[in-house]
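# A closer look at the structure
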Amino acid sequence: MSNKKLHVLGSGTPQPNKERWGSGFIVELDDELIMFDCGPASTYKMIQMDLDPRNVNSLFFTHHHSDHDLDYPTFLLTRWETSIGKEKKLEIFGPPPTVSLTEKLIGLDDGAFAHDLIARTNHSLSLNSFQRRGGKLPRKLPDFLVKDIYPDEKIERRNWSVKTTLAEHVQPYLDSLAYRLEVDGLSIVFTGDTRPCETVKDLAYGADYLVCLCIALQEQIDGTPEAEYMMGHVDAGTLARDAKVSNLILVHEALGISSENNFKHAVQEIKKIFKGSVIQSFEMTTYDLTEN
Ligand SMILES: [Zn+2]
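Right, let's walk through the structure included here.

### What to know about the sheet that holds strand 11 (residues 209-213)
Pairing is mixed in the open sheet, where seven strands are placed in the order 7-8-9-10-11-12-13. Each edge of the sheet is formed by a strand with only one pairing partner; in this case those strands are strand 7 (154-156) and strand 13 (277-280). On average, each strand axis in the sheet is inclined to that of its neighbour by 15 degrees, with strand direction left out of account. Strand direction decides the pairing type here: strand 9 (residues 177-183) and strand 10 (residues 186-190), joined by five bridges, are antiparallel. In the sheet register, L181 faces strand 10, and the bridge partner there is I188. Packed on one face of the sheet, helix 10 (residues 233-242) meets strand 11 and strand 12 (247-251) and runs near 155 degrees to strand 11.

This is the structure we're talking about:
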């Protein structure tokens, strides 16, 4: 089996600090990159990690809280602007309002960036630099596949599939999904933001990797809405145990859990519940994915 990797772009919360900000992940396969969420500065972090946005062919949004999608216009416009027309078509999936958000950003009628698209597909300055980097005129407008998706769907491509399930987060204001990617016998589940729930447990059952929300130490959120609509370390460990996954990768860490001592404490506690490996994720860091 060839090497597969998880690149962590964002492993924080809406509140930025020097180490963490928002959510964003890329699974690297042999010849393509699959992205999950596009939180603040994802494109910048991608470049810092030598990941080319033009090689991202698929983007999945778990939900549309801004810490999961704030870099979406940057990613879309950077990928399009640097393209020469030979890249694979970009496919974007997510719960509503994925389609309407995209239209509001790059729709030609009154999208927020329509002026940029019109200028770059018409003025000789942009047409010339497009040709200089290998493009052939006419310069085409973005042609992305954008789809709203729902729980219990399966998206199948040549060498991978992605299953969706309901994640319970801040409904009815925002729909939320968790995803299970299967490729070459390897399974990796992204919980997105959710409280512990049966649907996510079922989706994650037996997975090699569970990339799991862990906002704080449990005792830091007891009695607060975070305990009701997100997950602390005990929730994450319990989900990993009940779903019988092999590796638990904790993401979406607020300052209260990300310090060395607090995380050590979290791991000691989780180990009492869950026997697999527990990994603290760091931003702009790459993890090898192996089948268990
Ligand atoms: Zn959220």
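The rest of the description comes next.
### Examining the sheet that holds strand 5 (residues 91-94)
Read from one edge to the other, the open sheet built from seven strands follows the order 6-5-4-3-2-1-14, with strand pairing classed as mixed. A strand with exactly one partner marks an edge of an open sheet, and here the two such strands are strand 6 (145-148) and strand 14 (285-289). Each neighbouring strand pair of the sheet contributes to a mean axis angle of 20 degrees, computed without reference to strand direction. Helix 3 (residues 72-81) rests against strand 3 (33-38), strand 4 (56-60) and strand 5 of the sheet, and its axis sits at about 160 degrees to strand 4. Packing against the sheet, helix 4 (residues 98-106) makes contact with strand 5 and strand 6, and its axis sits at approximately 140 degrees to strand 6.

### Re the side chain of D71
By the element assignment, D71 lies in the loop between helix 2 (66-69) and helix 3. Lacking a salt bridge, the buried D71 has K45 as its closest oppositely charged neighbour, with an N-O distance of 8.5 Å. Within polar-contact distance, the side chain of D71 engages the backbone nitrogen of S42 at 3.2 Å. Residue contacts for D71: discarding those within four places in its chain leaves C38, G39, P40, A41, S42, T43 and Y44.

### What about the packing of helix 10 against helix 12 (residues 260-273)?
Relative to each other, helix 10 and helix 12 sit at 30 degrees, their axes nearing to 9 Å. At the point where helix 10 passes helix 12, the crossing takes the right-handed sense. Across from H233, V234, G237, T238 and R241 in helix 10, the residues of helix 12 making contact are A266, E269, I270 and I273.

### So, the state of the cysteines
Counted under the stated rule, the structure contains zero disulfides. Among the cysteines around C212, which has no disulfide bond, C214 carries the closest sulfur, lying 6.9 Å off. Since its relative accessible area comes to 0%, C212 is described here as buried.

What counts, and at which threshold
Each chain carries its own residue numbering, running from 1 in the direction its sequence is written. With pLDDT at 70 or above as the cut-off, local features in this predicted model cover only qualifying residues; side-chain atom pairs require 80 or more to be listed or tallied, and sums for whole chains, interfaces and linings still use all residues. Think of the side-chain values as coming from all heavy atoms in the structure, minus any hydrogens and water. A strand pair is defined by DSSP finding two or more bridges across the two strands. The helix and strand labels rest on DSSP assignments: H or I over at least four residues marks a helix, E over at least two residues marks a strand, and numbering proceeds from the N terminus. For helices, the fitted axis covers only the stretch in contact; all axes are lines through C-alpha atoms, and the angles between them, taken along N-to-C directions, range from 0 to 180 degrees. The contact definition used throughout considers only heavy atoms, calling two residues in contact when any of these lie within 4.5 Å. Relative accessibility under 20% of the residue-type maximum defines a buried residue, over 50% an exposed one, and the middle range a partly exposed one, all with a 1.4 Å probe and only protein chains included. Charged residues are defined narrowly, with Lys and Arg counted positive, Asp and Glu counted negative, and His plus the chain ends left uncounted. The term salt bridge refers to a pairing of a side-chain nitrogen on Lys or Arg with a carboxyl oxygen on Asp or Glu at a separation within 4 Å. For the purposes of these results, a polar contact is taken to be a pair of N or O atoms within 3.5 Å, where, inside protein, one atom must be able to donate a hydrogen and its partner to accept one; residues adjacent in sequence count only when each atom of the pair is a side-chain atom. It is the rotation of the near helix from the far one that decides the hand of a crossing: anticlockwise by less than a right angle makes it left-handed, clockwise makes it right-handed. Disulfide assignment relies on a single distance test, namely cysteine sulfur atoms paired within 2.5 Å.

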